[in-house]
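# Structure assessment
Each chain, written out:
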Amino acid sequence: MSRPSLLIVGGGLVGRALAWRMAAHHDVALVTDGQAAASSAAAGMLAPAFEALHDRAVPALHALLEDSLAYWDVFAHDLMAASDQNIDYRRNGIIGIDFPPGALPGAVDIPLPEGIRGTQAVCLGHEGQVDPRRVLTALTIACERAGVASHIGQVDALVTEGGVCRGVSLDDGTPMLADRVVIATGARAALVPHLQALMVPVRGRAYRIALPDHGLDHVIRTGSIYLCPKADGSLYLGATEETADGEDNRLDDLWQAGCELFPALVDGQVTAIFDGQRPGIRGGEPRIGRDGDVENLYVGLGLDRNGVLLTPIVTDRLVRLLTEDQF
């Protein structure tokens, strides 16, 4: 292959979104191991106010989440235009069940949704969701149309010379060289050892359930679980927080909690179970931008449970930095 001006490592939402945006003016190559585990397993909630309630949330992260939500309208519009795909993007609000008064600033009281068990409900009308699998498909098409050169391979190491990144090498020894390299590999950040030490994998588990007549129009969240309806009639049931303690009964507990919240789940058919690691990071604030140790190396890592929500702003920041560096 010819030497690209930009090489992006990582086939998830951030890697593909950056490749698509940068390909408008540059020769871009994307290398991925063929897996986009976090992107494919995510529910796709766009919920900064709810995310602010989690233990690992820090003020800087919450501000970033709110800013990225504001980017989503334009990002979704541009992506659907570039790919001719419907990504099931909705800003119709997220409903919280039995949250303490004042826990969700700006939420308004509403009646309990039909079929949901609880004592009270509130709605944050500006939040919403998108379907990450549709976004991934749309980004793949947009990248192809933009001329991104995509390669499947396992990246083994950075290629550096005198503290400058020259590219990467694959596990079979094949070098892939470029003027600039971006690492957007989610939980698999071993390519950048000084950043890998900061990564904290956080276990995430969820069910995808076929239940065409579920009747839910909004994401439903409690303090511990969520229900996320999709346009194809499926529902995602997941835990809003879980430590990576390896307890095997957590999926059973999740299912029981889901059925208590929404008894109609018992009539659904489980079509997929997700059990993997989210790319958490110590301190809670993602690493976005120039690597401080290696020149010509950029990173978008540590997005934890918010990779879908953060995709537009992480992409925009990396595009701006690459442009500022006269790339």
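From a predicted model like this one, the values you see are computed outputs, not experimental measurements. (Residues numbered from 1 in each chain as written. Predicted model: local features only at pLDDT ≥ 70, side-chain atom pairs only at ≥ 80, totals over all residues. Heavy atoms only, no water.)

### A few points about the confidence of the model for the protein chain
Counted only if it meets this: Values of pLDDT, the confidence the predictor places in each residue, fall between 0 and 100. A helix here means a DSSP run of H or I that spans at least four residues, while a strand means a run of E at least two residues long, and both kinds are numbered starting from the N terminus.
With 94% of its residues at a pLDDT of 70 or more, the protein chain has an overall mean of 89. Across the protein chain, the element-wise mean pLDDT spans from 73 in helix H2 (residues 37-41) up to 98 in strand E4 (residues 94-97).

### What about the packing of aromatic side chains?
We describe a pair of aromatic rings using the distance from one ring centre to the other and the angle between the two ring planes. Filter applied, for reference: Here the aromatic set is Phe, Tyr and Trp, taking the six-membered ring for Trp, and pairing holds for ring centres within 6.5 Å; pairs whose planes are under 30 degrees apart are stacked, those over 60 apart are edge-to-face, and all others are tilted. Any residue under 20% of the maximum accessible area for its type is buried, any over 50% is exposed, and the rest in between are partly exposed; the area is computed with a 1.4 Å probe on protein chains only. Throughout this description, the term charge over a ring refers to an Arg CZ or Lys NZ atom that lies within 6 Å of the ring centre and within 35 degrees of the ring normal.
A complete count under the given rule lists six aromatic pairs for this structure. A ring pair is formed by Phe50 and Phe99, whose centres lie 5.5 Å apart and whose planes are at 70°; its orientation type is edge-to-face. Of this pair, Phe50 sits in helix H3 (residues 48-51) while Phe99 sits in the loop between E4 and strand E5 (108-110), placing them 49 residues apart in sequence. Here Phe50 falls in the buried class, since its relative accessible area comes to 2%. For the pair Trp72 and Phe75, a centre-to-centre distance of 5.1 Å together with 80° between the ring planes defines the contact as edge-to-face. With Trp72 and Phe75 both in helix H4 (residues 59-83), this residue pair falls three residues apart, about one helical turn. Here Trp72 falls in the buried class, since its relative accessible area comes to 0%. Members of the aromatic cluster, connected to one another through ring pairs, are Trp20, Trp72, Phe75 and Tyr89. Between the NZ or CZ atom of Arg21 and the centre of the ring of Trp20, over which it lies, the distance is 4.3 Å.

### Notes on the pairing of strand E18 (residues 287-290)
In the case of a regular strand, side chains alternate between the two sheet surfaces. For the record, the criterion: The pairing criterion is simple: DSSP has to find at least two bridges between the two strands.
Sheet topology note: the E18/strand E19 (residues 297-301) ladder contains four bridges and is antiparallel. Bridging across to E19, Ile288 finds its partner in Gly300. Taking the residues between adjacent antiparallel strands as the criterion, E18 and E19 are bridged by six residues, where Asn296 takes a positive phi near 70°.

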